[in-house]
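Secondary and tertiary structure notes
Residues per chain, in single letters:
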Amino acid sequence: MSHDSQVHKPQVKIPATYIRGGTSKGVFFNLTDLPASCQVPGKPRDNMLLRVIGSPDPYGKQTDGMGGATSSTSKTVILAKSEQVGHDVDYLFGQVAIDKAFVDWSGNCGNLTAAVGSFAISSGLVSADRIPENGICEVRIWQKNISKTIIAHVPITNGEVQETGDFELDGVTFPAAEVKVDFVAPVDPSEAMFPTGNLVDDLVVLDIGTFKVTMITAGIPTIFLNADEIGYTGTELQEAINGDEKALARFETIRAYGAVKMGLISDISEAASRQHTPKVAFVAPAQAYTSSSGKNIAASDIDLHVRALSMGKLHHAMMGTAAVAIGTAAAIPGTLVNIAAGSGERSEVTFGHPSGTLKVGAQAECVNDNWTVKKVSMSRSARVLMEGQVRVPALFE
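Just so you know, these numbers come straight off a predicted model, no measurement behind them.

Let us now look at the pattern of salt bridges. Enumeration according to the criterion identifies eleven salt bridges in this entry. The partner of glutamate 252 in a salt bridge is arginine 255, with the nearest N and O atoms 3.0 Å apart. With glutamate 252 and arginine 255 both in helix 4 (residues 245–261) and three residues apart, this pair spans about one turn of that helix. On the basis of relative accessibility, which here comes to 24%, the residue glutamate 252 falls in the partly exposed class. The partner of lysine 374 in a salt bridge is glutamate 365, and the shortest N-O contact between them spans 3.8 Å.

And the structure:
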């Protein structure tokens, strides 16, 4: 055994907070607390975050890190005082791969957004004059990955973030305080919400088939399929799909072909290094089902079913960004999501997912044949689980 101190340096301690936001959790950092080499994008930063989370892990468990071995729990966030006018905080999200040495910076995490608001307040990133003694603090978040504005409505009691409450979010075991999140103008009017120009396309997937799809970029680029066209009912729980290697490979192939058609990549081979976006999801009309916690949900409780895959696996609930896409697509007559919800014009939908139900509202309008969305809203909750310092071997310098 070598005890050469030059070879084995002590671990580096980095101030960090471990927070649950929505149905996800992640390790949150204040940009100025990071080692100098990690305060800018690049290899050192990625290597540090990989080591914090415990990736890459060929065992798929992330035992030697803070990750929880699922896409919902393999997340990192870096916050800074905002450089954008009219915003409080810049929010940068890194989705850490579990088995690969890869951090995906291509999208946002909507679930963690609720936690961004509370962390920003408690770590002094929001100026004191914007925080009421009692009431709601509107934290204006600049989502740096996708250059969009999000507003988190964080409850404040006696000048402190209130985390406890009786708001229940399906997919989270315990109740907490409700945090309303508004995704403001999630689609830039200059961007195409429907990259192909169509509400519904025929997606040809070599050796697999041709499928009706709605491909939308709102919240996160998402490819929606009809459940029955791919052999599902839409009421599936995680076990039905995540143990089926063939099904997962098929979804990944569909996702790759969809990504090319959406113009996100130029060749299907590039999808492997772009796991976080686009998402692939499937929809079905409302029907009764039993959620993963054993709760019976009636068909009358929901407008439609949606199941989505994240980082190659069926998600246990719903990604917040995909919920933005669902709410937006549901508000636009003629999309597969809208049709599954019963067609017509609707300003909000409640959809079923493996863990239960979620309500999402959207204000959409058609201007000169172009659909735009002013705002998508949903309720989330957040809770600090642990704060202090995370330790990493000094491998990232």
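Quick look at the pairing of strand 7 (residues 148–157) now. Consecutive residues of a regular strand have side chains that alternate between opposite faces of the sheet. The element strand 7 is extensively covered by neighbouring structure, given that eight of its ten residues are classed as buried. As paired strands, strand 6 (residues 135–143) and strand 7 are joined by nine bridges and run antiparallel to one another. Residue pairing across strands places cysteine 137 opposite valine 154, the latter belonging to strand 7. Hairpin remark: strand 6 followed by strand 7, antiparallel, with four residues in the connecting loop; positive phi at serine 147, about 55°. Here strand 7 pairs with strand 9 (residues 179–184) via five bridges, running antiparallel. Looking across to strand 9, one finds that isoleucine 150 is bridged to phenylalanine 183. The hairpin turn running from strand 7 into strand 8 (residues 160–161), its antiparallel successor, is two residues long, and asparagine 158 in that turn takes a positive phi close to 50°.

As a further point, take unusual backbone geometry. With an omega of -5°, the peptide bond running from serine 55 to proline 56 counts as cis. By secondary structure assignment, the location of proline 56 is in the loop between helix 1 (43–53) and strand 3 (75–81). Following threonine 277, the chain continues into proline 278 via a peptide bond in cis, with omega recorded as -5°. Of note, proline 278 is situated in the loop between helix 4 and strand 13 (279–285). Non-glycine residue serine 147 carries a positive phi angle of around 55°. Tracing the backbone through its elements, the reader meets serine 147 in the loop between strand 6 and strand 7.

Among the residues of helix 1, Arg45, Asp46, Met48, Leu49, Leu50, Val52 and Ile53 are the ones counted as buried. Those residues of helix 1 hidden inside the fold are in contact with strand 1 (12–21), strand 2 (24–30), strand 3, strand 4 (89–96), strand 5 (103–104) and strand 21 (382–392). Phi turns positive, to about 100°, at glycine 54, one or two residues after helix 1.

Before going further, it helps to spend a moment on the side chain of serine 71. As for its placement among the helices and strands, serine 71 is situated in the loop between helix 1 and strand 3. Polar side-chain contacts of serine 71 include one of 3.2 Å to the side chain of serine 310. If we skip the residues at most four places from it in the chain, serine 71 touches Gln95, Ile98, Ser310, Met311 and His315.

Right, let's talk about the pairing of strand 1 for a bit. Counting buried positions along strand 1 yields seven of ten residues, so the element is predominantly enclosed. Direction of pairing for strand 1 relative to strand 21: antiparallel, over a ladder of ten bridges. When the sheet's bridge partners are listed, tyrosine 18 is paired in strand 21 with methionine 386. Bridge count for strand 1 against strand 2 is five bridges, and the pairing is antiparallel. Counted as the bridge partner of tyrosine 18 is valine 27 from strand 2.

Applying the stated criterion across every chain, the model contains four aromatic pairs. Relative to phenylalanine 119, the ring of phenylalanine 28 has its centre 5.7 Å away and its plane inclined at 50°; by these criteria the two rings are tilted. One end of the pair, phenylalanine 28, is in strand 2; the other, phenylalanine 119, is in helix 2 (residues 113–122), and 91 residues separate them in sequence. In terms of burial, phenylalanine 28 and phenylalanine 119 fall into one category: buried. The interplanar angle of 10° and the centroid separation of 5.9 Å between the aromatic rings of tyrosine 232 and phenylalanine 251 together place this pair among those described as stacked. Taken as a pair, tyrosine 232 in the loop between strand 12 (220–226) and helix 3 (238–242) and phenylalanine 251 in helix 4 lie far apart in primary sequence, 19 residues in all. Given the relative accessible area of 13%, tyrosine 232 is considered buried. Taking relative accessible area as the criterion, phenylalanine 251 reaches 2% and is therefore assigned buried. Among the aromatic residues, those joined into a cluster by ring pairs are Tyr232, Phe251 and Phe282.

Each value, and the rule that gives it
Residues numbered from 1 in each chain as written. Predicted model: local features only at pLDDT ≥ 70, side-chain atom pairs only at ≥ 80, totals over all residues. Heavy atoms only, no water. Salt bridge = Lys/Arg side-chain N within 4 Å of Asp/Glu carboxyl O. Helix = DSSP H or I, 4+ residues; strand = E, 2+ residues; numbered from the N terminus. Buried < 20%, exposed > 50% of the residue type's maximum accessible area, 1.4 Å probe, protein only. Pairing = 2+ DSSP bridges. Contact = heavy atoms within 4.5 Å. Polar contact = N/O pair within 3.5 Å; in protein donor to acceptor, adjacent residues only side chain to side chain. Phe/Tyr/Trp six-rings, centres within 6.5 Å; stacked < 30°, edge-to-face > 60°.

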